[in-house]
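Single-letter residue listing:
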Amino acid sequence: LMISAQNIKLVQLLAPVSQSAATAVSAELDCNGYSYATIIFMGGVMATGYTDMSITECDTSGGTFTAFSNDNGVFGLGKTSQLNVDGTASADPDGTNAVTYGFEIDLAKRKRFLQISYVAGGTCLSCMFGVLSRASIGESDVLATRGFTGLIRA
């Protein structure tokens, strides 16, 4: 029997890589069949950080992605009036090393595909992944279906 917290799909959006300055990066996440998405960005050694980190949406893969808003305006780090869940102002990842940023998204209000985009300000080591949860499809222990190469349970 799978515990609800285990009924997730992990999606690698950006393998750990060193991005060079002014590199624009984007990755798509297909959210079909899930109720929630969490997108996690992890920065290691960062020269000057990132700019324009935002999430957009589209009905089709590779289509024209558009910005969307939450209660505080256009959704994205460092956007005007965007707040972290603790009420502090959000900011683009700066040159601080070893940071983790996240986006939590209720997919009931969103289109099928999400895209995260950003620009590296200087040489930055980073990775990004998505966690899809509350699947409308049945539970699965098929590794590929869940986005894992290997997975063990205790």
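These numbers were taken from a predicted model, which means no experiment stands behind them.

**Student:** Would you mind going over the sheet that holds strand β2 (residues 24–30) with me for this structure?
**Tutor:** Strand pairing in a sheet relies on backbone hydrogen bonds, with the paired strands running either antiparallel or parallel. As summarised here, the arrangement of the four strands in space is β2-β9-β4-β5, forming an open sheet in which the pairing is antiparallel. Where the open sheet ends on each side, the last strands, each with one partner, are β2 and β5 (66–67). Where strand β4 (residues 50–58) and β5 come together, two bridges link them in antiparallel fashion. Counted as the bridge partner of Thr56 is Ala67 from β5.

**Student:** Whenever I open this one, the nonpolar core confuses me. Can you help?
**Tutor:** In summary, soluble globular proteins display a tendency toward joint burial of nonpolar side chains. Judged by nonpolar contacts, the single largest core of 30 residues is most densely connected at Leu29, Ile39, Ile55, Phe103, Leu114 and Ile116. Broken down by secondary-structure element, the contributors of at least two residues to this core are β1 (8–19), β2, β3 (34–46), β4, β8 (99–106), β9 (113–120) and β10 (124–135). Top contributing element to this core by residue count: β3, with five residues.

**Student:** Looking at this structure, I do not really get the pairing of β9. What am I missing?
**Tutor:** Note on strand geometry: in a regular strand, side chains alternate between the two faces of the sheet. Buried residues dominate β9, accounting for seven of its eight residues. As defined by bridge partners, β2 adjoins β9 across seven bridges and the pair is classed as antiparallel. Each bridged residue has a counterpart across the sheet, and for Glu28 the counterpart in β9 is Gln115. Bridge count for β4 against β9 is seven bridges, and the pairing is antiparallel. If you follow Tyr50 over to β9, its bridge partner there is Ala120.

**Student:** Any chance you could explain the packing of aromatic side chains here in plain terms?
**Tutor:** The relative placement of two aromatic rings is captured by the distance of their centres and the angle of their planes. Going through the model one piece at a time under the given rule, you end up with four aromatic pairs. Between Phe41 and Tyr118, the aromatic rings sit 5.7 Å apart at their centres with planes inclined by 70°, giving edge-to-face as the arrangement. Here Tyr118 lies in strand β9 and Phe41 lies in strand β3, a separation of 77 residues in the sequence. Consider the rings of Phe75 and Phe103, whose centres lie 5.7 Å apart with planes at 55°: the pair is tilted. You can see Phe75 sitting in the loop between β7 (73–74) and β8 and its partner Phe103 sitting in strand β8, a full 28 residues away along the chain. Judged by relative accessible area, Phe75 falls into the buried class, the value being 10%. A relative accessible area of 4% places Phe103 in the buried class. Among the aromatic residues, those joined into a cluster by ring pairs are Phe41, Tyr101 and Tyr118. Over the face of the ring belonging to Phe68 we find Arg110, whose NZ or CZ atom lies 3.9 Å from the ring centre.

**Student:** Hey, could you run me through unusual backbone geometry in this one?
**Tutor:** The phi torsion of most residues other than glycine is negative, and most of the peptide bonds are trans. Positive phi outside glycine occurs at Ala22, with the angle close to 65°. Its location among the elements puts Ala22 in the loop between β1 and β2. Notably, Arg134 is not glycine yet its phi reads approximately 55°, a positive angle. By the element assignment, Arg134 lies in strand β10.

Definitions and cut-offs
Residues numbered from 1 in each chain as written. Predicted model: local features only at pLDDT ≥ 70, side-chain atom pairs only at ≥ 80, totals over all residues. Heavy atoms only, no water. Pairing = 2+ DSSP bridges. Helix = DSSP H or I, 4+ residues; strand = E, 2+ residues; numbered from the N terminus. Core = buried A, V, L, I, M, F, W, Y, C linked by side-chain atoms within 4.5 Å. Buried < 20%, exposed > 50% of the residue type's maximum accessible area, 1.4 Å probe, protein only. Phe/Tyr/Trp six-rings, centres within 6.5 Å; stacked < 30°, edge-to-face > 60°. Lys NZ or Arg CZ within 6 Å of the ring centre and 35° of its normal.

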